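One-letter residues, chain by chain:
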Amino acid sequence: MGFDRERFAAANVARAFGPRRLYLAALDAVFIARGGLGCGVVVRDGGPVLRVIAEGAADRAVEVGCDFLDGRWWFTWADSGRTIGAVDDPRAVADEIARTLQVEAAR
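The paragraphs below set out a description of the structure included in this document. (Residues numbered from 1 in each chain as written. Predicted model: local features only at pLDDT ≥ 70, side-chain atom pairs only at ≥ 80, totals over all residues. Heavy atoms only, no water.)

**Some words on the packing of aromatic side chains**
Step number 1: Tallied over the full model, the rule gives two aromatic pairs.
Step number 2: Between Tyr23 and Trp73 the ring centres are 5.9 Å apart and the planes differ by 50°, which places this aromatic pair in the tilted class. Taken together, the residues Tyr23 in helix H3 (residues 19–34) and Trp73 in strand E4 (residues 72–77) connect sequence positions 50 residues apart.
Step number 3: Through a chain of ring-to-ring contacts, three or more aromatic side chains come together here, namely Tyr23, Phe68 and Trp73.
Step number 4: Its guanidinium or amino end placed over the ring of Trp74, Arg72 lies 4.7 Å from that ring's centre, counting from NZ or CZ. (Phe/Tyr/Trp six-rings, centres within 6.5 Å; stacked < 30°, edge-to-face > 60°. Helix = DSSP H or I, 4+ residues; strand = E, 2+ residues; numbered from the N terminus. Lys NZ or Arg CZ within 6 Å of the ring centre and 35° of its normal.)

**Some thoughts on the side chain of Asp28**
Step number 1: In this structure, Asp28 sits in helix H3.
Step number 2: Discounting residues that sit within four places of it in the chain, Asp28 has contacts with Cys39, Gly40 and Leu50. (Contact = heavy atoms within 4.5 Å.)

**Here's the deal with the layout of surface pockets**
Step number 1: In this model, the largest pocket occupies a volume close to 160 Å³.
Step number 2: When grouped by side-chain class, the residues that make up the lining of the largest pocket number five nonpolar, four polar and five charged. (1 Å grid on protein atoms, 1.4 Å probe; cavity = no way out; pocket = protein on both sides within 12 Å on 5 of 7 lines; lining within 4 Å. Points joined across faces, edges and corners; volume = space filled by probe spheres on them. Nonpolar A, V, L, I, M, F, W, Y, C, P; charged D, E, K, R; others polar.)

As structure tokens, this is what we get:
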């Protein structure tokens, strides 16, 4: 069985494993190490986002995107496109997301 270039291109492998997906995976790893929040990469509107859920409260969730803006990669709120923080500081971004979910829990 040989390599099928057309089939490979149709699978859109570059998009599946491009920078966006790698940054989201790095943020996911921060949450896994921290505990208290569940998360996983899902596809929305044809692109990956990280869905972060307060453990034991599936109704408290946010989705985080990753976008290339002004020459750099940023984590963004998927629903609004507003930036959360730069991809080079995933721990600070995770802190902001956790704070947001805690505020939602208090409402």
